[in-house]
Amino acid sequence: MRLSTGISGLDDVLEGGLLPGRLYVVSGPPGSGKTTFSAQFIAQGARRGEDTLYVTMHETSSELVTDMSRFEFGFDEVASSSNFRFLNLTSDSARQALTKYGSEGGLSNRLAALVQQEGFDRVVIDSTMLLQHFVDDPEREITSFVTNLKKTDATVVLISEMTDPSSYAEEHYLAHGVVFFHNFLEPTGMTRGVQVIKMRGTNIDCDIRRLSFSNRGLSIHAREKVKPQ
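In this numbering scheme, every chain counts its residues from 1 along its sequence in written order. Per-residue local features are limited, in this predicted model, to residues with pLDDT of at least 70; the limit for side-chain atom pairs, both in listing and counting, is 80 or more; totals at the level of whole chains, interfaces and linings are taken over all residues. Processing note: side-chain calculations cover all non-hydrogen atoms of the structure and skip hydrogens and water entirely.

**Q** Help me out: how do you make sense of the pairing of strand β3 (residues 84-88) in this one?
**A** The two faces of a sheet get side chains in turn, since along a regular strand they alternate between them. Counting buried positions over the five residues of β3 gives four, a clear majority of the element. Alignment of strand β2 (residues 52-56) against β3, held across five bridges, turns out to be parallel. Across the sheet, residue T52 finds its bridge partner in β3, namely F84. Note on exposure labels: buried denotes an accessible area under 20% of the residue type's maximum, exposed denotes more than 50%, and partly exposed covers the range between, all computed with a 1.4 Å probe on protein chains only. The numbering of helices and of strands both runs from the N terminus, where a helix is a DSSP run of H or I of at least 4 residues and a strand a run of E of at least 2. At least two bridges found by DSSP between two strands are what make those strands a pair.

**Q** What's the story with helix α3 (residues 61-68) in this structure? I'm lost.
**A** Think of an α-helix as 3.6 residues a turn; residues three or four steps apart then line up on the same face. Turning to α3, its buried residues are L64, V65 and M68. What you see down the axis of α3 is that its buried residues fit within an arc of 95°, all on one side. Where α3 is buried, its residues touch α2 (34-47), β2, α4 (75-79) and β3. Regarding the arc, it is the one traced by the directions from the helix axis to the C-beta atoms. Two residues form a contact once any of their heavy atoms are found within 4.5 Å.

**Q** Please clarify how the nonpolar core should be interpreted in this entry.
**A** Considering soluble globular proteins, one finds that nonpolar side chains tend to be buried as a cluster. Formed by 35 residues in total, the largest nonpolar core has its most connected members in F37, I42, F75 and F181. In terms of residues, this core owes the most to one element, α2, which gives six residues. Ignoring anything within four residues of it in the chain, the contact list for F37 reads I7, L10, V26, V157, F181 and L218. As used in this record, nonpolar core signifies buried Ala, Val, Leu, Ile, Met, Phe, Trp, Tyr and Cys residues forming a set joined through side-chain atoms within 4.5 Å. Ranked by size, the runner-up nonpolar core spans 30 residues in total, among them V25, V55, A94 and I197.

**Q** Is there a simple way to explain the environment of P20 in this structure?
**A** By the element assignment, P20 lies in the loop between α1 (10-13) and β1 (23-27). Residues P20 and D153, 133 residues apart in the sequence, show an inter-C-alpha distance of 8.2 Å. Every residue in contact with P20, bar those within four places of it in the chain, is listed here: M1, R2, L3 and T155.

**Q** I'm lost on the packing of aromatic side chains in this one. Help?
**A** What describes a pair of aromatic rings is the distance from one ring centre to the other and the angle between the planes of the rings. The aromatic pairing rule takes the rings of Phe, Tyr and Trp, using the six-membered ring of Trp, and pairs them if the centres are within 6.5 Å, calling planes under 30 degrees apart stacked, those over 60 edge-to-face and the rest tilted. Tallied over the full model, the rule gives six aromatic pairs. On the numbers, 6.4 Å between centres and 0° between planes, the contact of F37 with F41 is stacked. Of the two residues, F37 and F41 are both situated in helix α2; the distance of four residues between them amounts to about one turn of the helix. Residue F37 is classed as buried on the basis of its relative accessible area of 3%. Taken together through their ring pairs, the aromatic side chains of F37, F41 and F181 make up a single cluster.

**Q** What exactly am I supposed to notice about the pattern of salt bridges here?
**A** For side chains bearing opposite charge, pairing can occur when the charged atoms are close. Throughout this description, the term salt bridge denotes a Lys or Arg side-chain nitrogen within 4 Å of a carboxyl oxygen of Asp or Glu. Scanning all chains against the criterion turns up seven salt bridges. Across the pair R209 and D205 runs a salt bridge, and its minimum N-O distance is 2.6 Å. Among the residues examined, R209 registers a relative accessible area of 11% and is labelled buried. Note on D205: relative accessible area 38%, which makes it partly exposed.

**Q** What is the right way to look at the side chain of D11 in this model?
**A** With respect to the element layout, D11 can be found in helix α1. The positive count covers Lys and Arg only, the negative count covers Asp and Glu only, and His and the chain ends enter neither. Buried and unpaired, D11 has no salt bridge, with R122 as the nearest side chain of opposite charge at 7.7 Å. Every residue in contact with D11, bar those within four places of it in the chain, is listed here: L3, S4, T5, G6, G16 and G17.

**Q** Which parts of the structure should I look at to understand the side chain of H182?
**A** Mapped onto the elements of the fold, H182 is located in strand β6 (residues 177-186). The buried category is assigned to H182, whose relative accessible area is 7%. Residues adjacent in sequence count toward polar contacts only when both atoms are side-chain atoms; beyond that, a polar contact is any pair of N or O atoms within 3.5 Å, and within protein one must be able to donate a hydrogen and the other to accept it. Here the side chain of H182 touches Q195 through a polar contact of 2.8 Å, side chain to side chain.

Structure below.
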């Protein structure tokens, strides 16, 4: 059984959706759709009765809800439901709340313990940049971070701030799947696309599909392939 991403057209590319209980990395430049993807992914799970967690250090819950409320996929309703939890790691109270999940192994161990002990089904962590603020050696810590999250039963989406799809980081090698969002500035304007670079257990072709925004959020046009000029 696969999990629907909640993104129109993406499940078609992924043979029905994501395999559950695995870790996926979503990368791309600023403004390419990563946060909207994450919100739709979480909203889809919450609507299905799954327990969901959104971890960030970029914005407050109210900011995220305000930004996503212009879309019609119901994130504002999900955010006030009992099966949604928001954790902003810039908050002292959030960091204090994590201490009950252990004192050894740092942030990666505590976050993984939170996910496992609370039984979350879908988790978004936005983004790998948060490690730079909480550990002395982010490059070394990412291995432990991803490995610990992979040991949980949750389906995890980890946002990575990679802007070059040919320059891979440690999390891309360790993840079960890698999805890259593109922005192409062409003479006719901005072209957006999404590319599934890696997806274990799924037959993919790595072609770039056209991506568009509407009042329903992100949509992937599975039959429309993009070739950068």
